[in-house]
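# Working through the structure, step by step
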Amino acid sequence: MAQFQSLPGFREFYPDALARRNHIFRLWRQTAGAYGFQEYDAPVLEPLDLYKTKSGDEIESQLFSFTDKGGREVALRPEMTPTVCRLVGEKANALKRPIKWFSIAEFYRYERMQKGRGRCFFQLNADIFGEAGVEAETELIALLIQCFGAFGLTAEDFYVRLSDRNLWFYYLEALGLDEPRSRAVLSAVDRHEKMGDDAFKDYTDQFGALDSGLKTKVLAFLQIKSLATLEAAVSSIPGEKLGARLADWRKLLGNLTAMSLGKFVEVDLGVVRGLAYYTGFVFEAFDRKGELRALAGGGRYDSLIGKLGYNDMPAVGFGMGDMTFGLLLEQRGLTPTVTQPTDVYVVIGGEAERQAAFADIQSLRSDGYRVDYPLKDLAFGKQFKAAGESGAKLALVYGGEELAKGVVRIRDLAARTEMEVPRDQVSVVVRDFFSGGAE
RNA sequence: GCGGCCAUAGCUCAGUUGGUUAGAGCACAAGAUUGUGAUUCUUGGGGUCGCGGGUUCGAAUCCCGUUGGCCGCCCCA
């Protein structure tokens, strides 16, 4: 039977599935536009080194990578961040700040499939470049929240966990840990929610057991869930860094509260977003029920553009994928089927009438109406049934009786009423009907 | 890369201790119906039972392998 299958982890979009996908993209695009973000796009295939430079050589095992016919090592893009950094870095001096950009694009990762994760997926990416202050985080977190809200999702359905890698580093530094040890602790913090105490195994292997007093403090810190607790934990520690950082926290949370988005955001220092390049605030969106994997994630990455060989530029961004998001919409019954209905269905008596109908069909189509008709002769009953199923508002009847009188019978399919219209008036009547004045 | 479960029509699934020509509902199509959307009825197309091998007189059924899927681990940029 199936001689050829699609490759594992790749998706095919039949019309109803594509309609759902387009619905998601339409609202994302509209929302990003409302926040003043400009859309861009970029190549699907990139030099392999672009990703190795950002993430390390190990990344290759998780990429669709190969050598092209010119001997170049290339990879299908697994994410947008390095690419958009290049775009911005190349023209940094010519771009008006702040740079607020977004894209909706497909990505590829060579990895094992799981619920909400495949080998190809779409992602909304939104980034702000050139703004070092929390105003950038404010905009992006607000946009993230509205990208959910636009679908009718509420604070009952999802929330955003907010954390801060800088704060962690300053805190661990104050506890007397050097940078390698701090990184290892952060890695443990990242895994602690899932693995519990085993999360510290790597640290122990590398540096020996973490002092139990320190560990107690770390565990207490990662459980902080409010600004008040955070302030209390930090107040006794000397130094300006932590105090200044707390001021950033107050400002960011204040901004979001002023936008009436406070109820969506939770302080949660247990989130540090695993790896590498984040340099400040980080945030992740989850479903409230805790049944799905992360819905979106982002944060500040001020040093990445410099790492790629350009002048440093502050940057904040997030990405959200279509797969887990689609699961959430489905769970909440928010996936309307929005296939585009026909406007006008043309009912045709026979071959002679078909020739007459073609002129009006083409004319209406040129005017932009969605017009359909049976490709082969069908009984009238079948045609009206097809008209109803097509979603058309109007049926135009080209029968022998009508044409003999020089008229077309126009049926309002919802109201089940009919009228006869002279043939040369058809397009006028149709236009009037659709411009609001029915009948 | 590792582990568990699974694979019969487009979809959801029956299929007895291994036994004649593999079934149902839904969906699709034709007709009843040569001028009006429902309902109903009749009929039809559609299957190498995921694929390959083995056991057997005989395999959708039992065994092995393989591919694919779901779920979890690792990872998650």
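Keep in mind it's a predicted model, so treat the numbers as computed, not measured.

## Description of the sheet that holds strand 3 (residues 65-67)
Pairing is antiparallel in the open sheet, where 3 strands are placed in the order 2-4-3. Of all the strands in the sheet, just strand 2 (45-47) and strand 3 have a single pairing partner and so form its edges. Averaged over all adjacent pairs, the angle separating strand axes in this sheet is 35°, with direction ignored. In this sheet, strand 4 (residues 73-76) lies alongside strand 3 in antiparallel orientation, the contact comprising 3 bridges. By the bridge assignment for strand 4, serine 65 is matched with alanine 75. Along the sheet, helix 2 (residues 48-55) contacts strand 2, strand 3 and strand 4; its crossing angle with strand 2, the most-contacted strand, is approximately 65°.

## Thoughts on unusual backbone geometry
Omega for the peptide link from arginine 97 to proline 98 comes to -10°, which places this bond in the cis form. Along the polypeptide, proline 98 turns up in the loop between helix 3 (81-90) and strand 5 (99-108). Within the chain, serine 260 stands out as a residue other than glycine whose phi angle is a positive 65°. Taking relative accessible area as the criterion, serine 260 reaches 48% and is therefore assigned partly exposed.

## Some details on the pattern of salt bridges
According to the stated counting rule, one finds 34 salt bridges in the structure shown. The shortest N-O distance in the salt bridge between glutamate 173 and lysine 241 comes to 3.3 Å. Pair noted here: glutamate 173 is in helix 5 (residues 165-174) and lysine 241 is in helix 10 (residues 240-258), with a separation of 68 residues, a long-range link. Under the relative-accessibility criterion, glutamate 173 is labelled partly exposed at 43%. Where aspartate 202 meets arginine 191, a salt bridge forms, and the shortest distance between an N and an O atom there is 3.6 Å. Taken together, the positions of aspartate 202 in helix 7 (residues 201-207) and arginine 191 in helix 6 (residues 179-195) put the pair 11 residues apart, joining distant regions of the chain. Salt bridges sharing common partners tie together Glu402, Lys405, Arg409, Arg411, Glu418 and Glu420.

## Quick word on the pairing of strand 5
Of all 10 residues in strand 5, 10 are buried, a share of seventy percent or more. What you see with strand 5 is no split at all: Ile99, Trp101, Ser103, Ala105 and Phe107 on one side and Lys100, Phe102, Ile104, Glu106 and Tyr108 on the other are buried throughout. Strand direction decides the pairing type here: strand 1 (residues 38-39) and strand 5, joined by 2 bridges, are parallel. The partner of glutamine 38 across the bridge, within strand 5, is tryptophan 101.

## A short note on the layout of surface pockets
Empty space within the second largest pocket amounts to approximately 380 Å³. Lining the second largest pocket are 19 residues, with Arg11, Arg20, Asp322, Gly326 and Glu330 sitting closest to its centre. Taken together, the elements giving at least two residues each to the lining of the second largest pocket come down to helix 1 (15-34) and helix 12 (322-331).

## With respect to the packing of aromatic side chains
This model, assessed by the stated rule, comprises 24 aromatic pairs. A ring pair is formed by phenylalanine 64 and tyrosine 110, whose centres lie 5.0 Å apart and whose planes are at 70°; its orientation type is edge-to-face. In this pair, phenylalanine 64 is assigned in the loop between helix 2 and strand 3 and tyrosine 110 in the loop between strand 5 and strand 6 (120-129), connecting sequence segments 46 residues apart. The interplanar angle of 45° and the centroid separation of 5.1 Å between the aromatic rings of tyrosine 203 and phenylalanine 207 together place this pair among those described as tilted. Taken as a pair, tyrosine 203 and phenylalanine 207 lie in helix 7 at a separation of 4 residues, close to a single helical turn. Judged by relative accessible area, which is 25%, phenylalanine 207 ranks as partly exposed. Over the ring of tyrosine 110 we find arginine 119, and its NZ or CZ is 4.0 Å from the ring centre. Sitting above the plane of the phenylalanine 286 ring, arginine 161 keeps its charged end 5.0 Å from the centroid.

## Let's talk about the domain arrangement of chain A
Each domain of chain A was delimited in the assignment, giving domain 1 (15-331) and domain 2 (344-434). Centre-to-centre separation of domain 1 and domain 2, based on C-alpha positions: 54 Å.

About the criteria used
- Residues numbered from 1 in each chain as written.
- Chains lettered and ligands numbered in written order.
- Predicted model: local features only at pLDDT ≥ 70, side-chain atom pairs only at ≥ 80, totals over all residues.
- Heavy atoms only, no water.
- Pairing = 2+ DSSP bridges.
- Helix = DSSP H or I, 4+ residues; strand = E, 2+ residues; numbered from the N terminus.
- Axes fitted to C-alpha atoms, helices over the stretch in contact; angles between N-to-C directions.
- Contact = heavy atoms within 4.5 Å.
- Buried < 20%, exposed > 50% of the residue type's maximum accessible area, 1.4 Å probe, protein only.
- Salt bridge = Lys/Arg side-chain N within 4 Å of Asp/Glu carboxyl O.
- 1 Å grid on protein atoms, 1.4 Å probe; cavity = no way out; pocket = protein on both sides within 12 Å on 5 of 7 lines; lining within 4 Å.
- Points joined across faces, edges and corners; volume = space filled by probe spheres on them.
- Phe/Tyr/Trp six-rings, centres within 6.5 Å; stacked < 30°, edge-to-face > 60°.
- Lys NZ or Arg CZ within 6 Å of the ring centre and 35° of its normal.
- Domains from an automatic or database assignment.

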